[in-house]
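# Analysis of the macromolecular model
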Amino acid sequence: IVPAAYKKRPADIFVALMTARELRIGPMLALRTLYIIEGRPAYAADLIAALVLRSSVCKVFRPTEHTGEKCVYLAQRVGDDEPQLVTFTLEDAKLAGLIGKDNWRKYPKDMLRARACTRAARQVFPDVASGLYDPDEFSEAVEGRLIAASDTTPVASLELPTPEDALTKRISAMVATIESAKT
């Protein structure tokens, strides 16, 4: 019942489910749109867009131009006088060393949209999208070219759920069941 990337990876399922709880999204949506890389979640661009769109601070968030060379997002916060245009181009992708990657070779237009979307989300809605990186961006963060806010958070300062938390107990039971499964 879980995507292939999560099979026999109960700790990754646990991270995805706890992240889902924090983001207030459903567990199955989390398993479809979160990617656990080195124990940390990376987010599908569509999930980042959905989080922005459902936030109370979003007035406008949509692509206005989408070609094989560039994607432009129009983004505006509630209360801002003017919307902002945020662009990601094929030239930006080349400079970032992305063009040789498999998805960029196969789906350059989709990848441009994803990058323009996440760039616009972080620039215009940092309170919603700060530290949210898609898997392509996350690999850069791991290599040190991007630093997410969560990269600098000491583990000791993280707020852990209390043992009485019913969801935590259910997730622990699910992880135990998954770990004990024979197939």
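Everything below is about the structure printed above this text.
The following refers to the structure shown. Just so we're clear, the structure is a prediction, and the values are computed from it rather than from any experiment. (Residues numbered from 1 in each chain as written. Predicted model: local features only at pLDDT ≥ 70, side-chain atom pairs only at ≥ 80, totals over all residues. Heavy atoms only, no water.)

### Examining the state of the cysteines
Inspection of every chain in the model, using the stated rule, returns zero disulfides. Here Cys 71 is not cross-linked by a disulfide; its sulfur's nearest cysteine counterpart is in Cys 117, at 8.4 Å. (Disulfide = S-S within 2.5 Å.)

### Overview of the side chain of Gln 76
Along the chain, the position of Gln 76 falls in strand β4 (residues 70–77). Classification of Gln 76 by relative accessible area gives buried; the value is 7%. Setting aside chain neighbours within four positions, we find Gln 76 in contact with Val 57, Cys 58, Lys 59, Val 60, Asp 81, Glu 82, Pro 83, Val 124 and Phe 125. (Helix = DSSP H or I, 4+ residues; strand = E, 2+ residues; numbered from the N terminus. Buried < 20%, exposed > 50% of the residue type's maximum accessible area, 1.4 Å probe, protein only. Contact = heavy atoms within 4.5 Å.)

### Some thoughts on the pairing of β4
Successive residues of a regular strand alternate their side chains across the two faces of the sheet. Among the eight residues in β4, seven count as buried, and that is most of the element. Count of turn residues in the strand β3 (residues 58–66)/β4 antiparallel hairpin: three residues. The pairing of β4 with strand β5 (residues 84–89) spans six bridges and is antiparallel. Residue Leu 74 lies in a different strand from β5, and its bridge partner there is Leu 85. Hairpin connection from β4 to β5: six residues lie between these consecutive antiparallel strands, with Gly 79 at a positive phi of about 95 degrees. (Pairing = 2+ DSSP bridges.)

### Side note on the sheet that holds β4
Hydrogen bonding along the main chain pairs the strands of a sheet, whether they run parallel or antiparallel. Strand order in the open sheet formed by three strands is β3-β4-β5, and the pairing between neighbours is antiparallel. Here the strands that pair on one side only, and so sit at the sheet edges, are β3 and β5. With direction set aside, neighbouring strand axes in the sheet form an average angle of 20 degrees. Packing against the sheet, helix α6 (residues 108–124) makes contact with β3, β4 and β5, and its axis sits at approximately 140 degrees to β5. (Axes fitted to C-alpha atoms, helices over the stretch in contact; angles between N-to-C directions.)

### Here's the deal with helix α1 (residues 10–23)
For α1, spanning 14 residues, the distance from its first C-alpha to its last is 20 Å, which sits close to the expected 20 Å at 1.5 Å a residue. Turning to α1, its buried residues are Pro 10, Asp 12, Ile 13, Ala 16, Leu 17, Met 18, Thr 19, Ala 20 and Leu 23. Note on α1: the residue one or two positions beyond its end, Arg 24, has a positive phi of about 60 degrees. (Expected span 1.5 Å × (residues − 1).)

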